[in-house]
Every structure is written in C-alpha cells, then in structure tokens.
Amino acid sequence: MRRTRVSIRFGKLNHCTMDDANPTGAKCLENAVIPDGHQGPLIDRCAPSRCANSVIAPSHLPIWTAEHATLTNLLATPKLPPGRRALLTEQLREVDLILRRADR
Ligand code: SF4
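Just so we're clear, the structure is a prediction, and the values are computed from it rather than from any experiment.

Participant: Help me get a handle on the overall build of the protein chain, residues and values and all.
Facilitator: Scanning the protein chain for helices and strands turns up 2 helices and 3 strands. Oriented by its inertia axes, the alpha-carbon framework of the protein chain measures out at about 60 × 30 × 15 Å. In the protein chain, 54% of the contacts between residues at least 6 apart in sequence involve partners at least 24 apart. A total of about 7600 Å² of accessible surface is found on the protein chain, and carbon and sulfur atoms cover 56% of it. Mean positive and mean negative side-chain charge positions of the protein chain (15 and 10 charges, respectively) differ by 3 Å.

Participant: Can you lay out the confidence of the model for the protein chain for me, pointing to particular residues and giving the numbers?
Facilitator: Per-residue pLDDT for the protein chain has a mean of 93; in total, 94% of the residues score no lower than 70. Of all the helices and strands in the protein chain, strand 1 (residues 9–10) carries the lowest mean pLDDT, 93, while helix 1 (residues 61–75) carries the highest, 98.

Participant: Please provide a residue-by-residue account of the site of the ligand, values included.
Facilitator: All residues adjacent to the ligand are Asn14, Cys16, Met18, Ala26, Cys28, Pro41, Ile43, Cys46, Ala47, Cys51, Asn53 and Ser54. Classifying every residue of the shell around the ligand gives 9 nonpolar, 3 polar and no charged.

Participant: Could you give an account of the packing of helix 1 against helix 2 (residues 82–103), naming the residues involved and the relevant values?
Facilitator: Look at helix 1 against helix 2: their axes get within 9 Å of each other, and the N-to-C directions meet at 150°. For the element pair helix 1 / helix 2, the angle class is roughly antiparallel. Crossing handedness for the pair helix 1 and helix 2: left-handed. Residue-level inspection shows Leu61, Trp64, Thr65, Glu67, His68, Leu71, Thr72, Leu74 and Leu75 of helix 1 in contact with helix 2, the latter providing Arg84, Arg85, Leu88, Thr89, Gln91, Leu92, Val95, Asp96, Ile98, Leu99 and Ala102.

Rules and cut-offs
- Residues numbered from 1 in each chain as written.
- Predicted model: local features only at pLDDT ≥ 70, side-chain atom pairs only at ≥ 80, totals over all residues.
- Heavy atoms only, no water.
- Helix = DSSP H or I, 4+ residues; strand = E, 2+ residues; numbered from the N terminus.
- Contact = heavy atoms within 4.5 Å.
- Areas by Shrake-Rupley, 256 points an atom, 1.4 Å probe, with all protein chains shown as cover.
- Lys, Arg positive; Asp, Glu negative; His and termini not counted.
- Charge placed at Lys NZ, Arg CZ, Asp CG, Glu CD.
- pLDDT = per-residue confidence, 0-100.
- Near = heavy atom within 4 Å.
- Nonpolar A, V, L, I, M, F, W, Y, C, P; charged D, E, K, R; others polar.
- Axes fitted to C-alpha atoms, helices over the stretch in contact; angles between N-to-C directions.
- Parallel < 35°, antiparallel > 145°, perpendicular 65-115°, else oblique.
- Left-handed = near helix turned anticlockwise from the far one by under 90°.

Shown next as structure tokens:
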C-alpha cells in the first residue's frame, strides 16, 4: 500500500494543505520575496479564496458569513467615497468566492 503524507495547517480562517516539497499553486508564494531558508507557506499572504491548497471547513463559515454581512452593510452606506466603495466591493467579492468554495 502506498503511503501519502499530507500536512494540514489549521487556521481560524481556513486550513492550508500546502505540501512543502511541492508548493506549486500556493498563492501566498506567488511574486513573494521569500526569506532565505524559509520553507512552507507565507501565512500572512494567504489567499483563502484563490489558493488550491485552501480548505474552508464548516467551522470557518460563521466568521466568513459575518464578514459578508459586515461588508454588505458597509456598502449600503450612502455617499461612500468611490475608492472605499471599490475596496469594499472587491473584499465582498473575495468573501463570496470563499463562501462558494465552502459549498463544494
Ligand atoms: S495561500 Fe494560504 S492556503 Fe494557499 S498555500 Fe499559502 S497559506 Fe496555504
């Protein structure tokens, strides 16, 4: 029987399944300056909505659902500066993607 080794980094916003030996597709490493000797993901650059290694578990849903509601409420604010509205809209789009991933 062939053995596979899967490492999972458990997080509050998502879980990361990146294989340190094969980081292909890790969004956090794309266009990043990686410190000498560093191995593994760059957690502070994590992209939960776009990375193939990102797992959104049921335990993550409450925080993302709350974030969706917060962003939706903020976007309902009249007279938001255009730059702020664009930023919030982009953030809401990212959260939508994350919630869709959780449905898979
Ligand atoms: S972007 Fe996030 S999920 Fe993807 S490899 Fe990096 S830390 Fe892991």
